[in-house]
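# Fold and contact review
Here is how the chains run, residue by residue.
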Amino acid sequence: MADLPAHASPKLPPQSHPPTSSGPDALPDDASQGSGITTGQQTPALPNSLLSPAFTPPATPGGTLNLTSNPTKALHESQAASIRHQGEHTKAPKLLSQLPQVECIVRARIPTTNGAEMFLHLYHNDMDNKEHLAIVFGNKIRSQSLDRVYPGETEMDRMIRGAYVGKLHPGRVSSWFDDEKNAESQSEGQTKVEPPLVRIHSECYTGETAWSARCDCGEQLDEAARLMSFPVEDLSSDAPPEAQSLRSHSAGGVIIYLRQEGRGIGLGEKLKAYNLQDLGSDTVEANLLLRHPADARSYGLATAMLMDLGCGADVNPDGVRLLTNNPDKVRAIEGPNREVLVKERVPMIPLAWRTGGQRGIKSSEIEGYLKTKISKMGHMIQ
Ligand SMILES: Nc1nc2c(ncn2[C@@H]2O[C@H](COP(=O)(O)OP(=O)(O)OP(=O)(O)O)[C@@H](O)[C@H]2O)c(=O)[nH]1
């Protein structure tokens with residue numbers, strides 16, 4: 001590539017982003033908002049089919065009820081009527097007919113507290129303005145959009161945005177060749193490896209950051225990272241069955257971390273749902289009472305990100321192994337035209353169930369939460 005002076009970097013023209021193979025050719029302009037991706041033309045509008053039902057302004061149930069005479073009865077009557085009325089929302093979210101366009105903007109190495117390393121990839125897309133993430137374990141999985149050469153960028157620019165092979169170290173000058181680790185970086189991709197382990201994770205502030213025992217989201221995130229980062233020889237005999245069955249970690253793994261807090265309804269609405277749960281509703285009923293679908297998520301972004309990471313059927317016909325208990329997710333991740341192949345579903349058994357209550361989350365709330373996921377959301381926790 002051209003050897004441009006370093007001062008060229010801050011003055012680069014806006015990036016032009018060629019459409020990805022998965023992207024829609026054209027989007028109708030009947031909808032809203034800017035996107036993180038510029039295409040050199042005006043940002044295409046979103047078709048209605050891509051808009052999440054979560055954007056519908058919710059109304060709090062019971063808000064117009066007179067709760068003073070018999071508040072419990074009034075609330076329950078309201079709940080029953082509302083759920084009957086919104087029964088259609090319990091259906092699985094509609095699959096997007098076309099995948100969004102995604103672009104990995106930056107990647108950085110993150111050493112983790114358990115000793116493993118991961119590469120955090122930050123994505124922009126043409127569907128929303130959120131910073132969705134891919135947490136990549138191992139050095140075999142690379143983002144095609146990140147590796148693309150931007151017009152006029154310097155070697156330093158490439159290294160700063162994470163588009164390098166091998167490792168960064170003081171004094172390194174080339175993004176393409178890491179002289180200290182040349183052998184490792186050049187041998188990448190030459191050996192046949194097992195299908196990568198993949199987890200599609202939805203953001204959960206309460207479960208991942210605020211120590212909530214209402215759900216197992218934090219535990220699932222930790223467990224996914226553990227399974228993807230443990231070298232096989234470190235798996236002891238008390239490791240969970242799904243870890244024991246992993247034949248090789250050489251292919252690494254990916255956690256696609258989607259900013260779909262509260263199953264797509266957002267943190268504020270999820271907190272309202274928690275209050276409704278304390279008033280007697282289960283996790284599904286609470287969403288419906290708030291006039292949200294039971295599950296407002298979509299997974300087109302995850303499919304597009306997996307394709308960008310070389311996990312799509314186009315370059316990875318062996319498919320991926322998906323860590324999930326959610327049957328809807330398996331089909332949704334595969335995309336409208338099976339752009340990604342899920343070769344195997346790897347269940348995520350709650351730690352408390354695996355260890356007979358010795359470890360893991362203990363609370364009456366989580367028992368009810370898991371029970372409802374099995375009975376109403378079809379989760380296969382086995
Ligand atoms: N609306 C709502 N969202 C919740 C609740 N508890 C957890 N969540 C959200 O649910 C999402 C995680 O989804 P889960 O249902 O645990 O799991 P899943 O992704 O469907 O399936 P798995 O792959 O098996 O984990 C996160 O976005 C959480 O914030 C709740 O009670 N109500």
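Criteria and cut-off values
Residues numbered from 1 in each chain as written. Predicted model: local features only at pLDDT ≥ 70, side-chain atom pairs only at ≥ 80, totals over all residues. Heavy atoms only, no water. UniProt positions renumbered as here; feature names shortened; annotations may be inferred. Domains from an automatic or database assignment. Contact = heavy atoms within 4.5 Å. Buried area = accessible area lost by both parts, 1.4 Å probe. Salt bridge = Lys/Arg side-chain N within 4 Å of Asp/Glu carboxyl O. Polar contact = N/O pair within 3.5 Å; in protein donor to acceptor, adjacent residues only side chain to side chain. Pairing = 2+ DSSP bridges. Helix = DSSP H or I, 4+ residues; strand = E, 2+ residues; numbered from the N terminus. Axes fitted to C-alpha atoms, helices over the stretch in contact; angles between N-to-C directions. Near = heavy atom within 4 Å. Areas by Shrake-Rupley, 256 points an atom, 1.4 Å probe, with all protein chains shown as cover. Nonpolar A, V, L, I, M, F, W, Y, C, P; charged D, E, K, R; others polar.

Going by the annotation in an unreviewed UniProt entry, the name recorded for the chain is GTP cyclohydrolase II, with Penicillium argentinense given as the source organism. What the UniProt record of the chain gives under Catalytic activity (unreviewed entry) is the line "GTP + 4 H2O = 2,5-diamino-6-hydroxy-4-(5-phosphoribosylamino)-pyrimidine + formate + 2 phosphate + 3 H(+)". Quoted verbatim from the Sequence similarities (unreviewed entry) field of the UniProt record, the comment on the chain reads "Belongs to the GTP cyclohydrolase II family."

As a measure of interface size, the accessible area lost when the parts come together is often cited. Each assigned domain of the chain is listed here: domain 1 (102–260 + 297–377) and domain 2 (267–294). Contacts between domain 1 and domain 2 engage 8 residues on the former and 11 residues on the latter. Contact with domain 2 buries surface across domain 1, with Thr206, Arg214 and Lys376 losing the most and accounting together for 56% of the total. Scanning the region where domain 1 abuts domain 2 turns up 3 salt bridges. Salt-bridge contacts for Asp282 lead to Lys376; the nearest nitrogen and oxygen are separated by 2.7 Å. On inspection of domain 1 and its partner domain 2, the count reaches 4 residue pairs in polar contact (both at pLDDT 80 or more).

Another point: the sheet that holds strand β2 (residues 117–125). The strand order β1-β2-β3-β5-β4-β6-β7 describes an open sheet built from 7 strands, whose pairing is mixed. Strand pairing shows two members of the sheet lacking a second neighbour, β1 (102–111) and β7 (342–346), which therefore form its edges. Put simply, the sheet's adjacent strands are angled 25° from each other on average, direction ignored. The pairing of strand β6 (residues 320–323) with β7 spans 4 bridges and is classified as parallel. By the bridge assignment, Leu322 is partnered in β7 with Arg345. Helix-sheet contacts for helix α6 (residues 217–229) involve β3 (132–137), β4 (197–202), β5 (253–258) and β6, and the interaxial angle to β4 is about 160°. Contacting β4, β6 and β7, helix α11 (residues 327–334) runs over the sheet at an angle of about 155° to β7.

All right, on to the site of the ligand then. Close to the ligand lie 25 residues, the nearest being Arg199, Arg297, Thr324, Lys329 and Lys373. Within the contact set of the ligand, an oxygen atom lies 2.7 Å away from a side-chain nitrogen or oxygen of Arg199. Within the complex, the protein chains bury 99% of what would otherwise be the 660 Å² of accessible surface of the ligand. Those elements giving two or more residues to the shell around the ligand turn out to be β4, α6, α8 (267–278), α9 (283–289) and α13 (364–377). No other element matches the 3 residues that α8 contributes to the shell around the ligand. Residues that form the shell around the ligand fall into these classes: 6 nonpolar, 11 polar and 8 charged. Residue-level mapping places the shell around the ligand at the junction of two domains, with at least three residues from each of domain 1 (102–260 + 297–377) and domain 2 (267–294).

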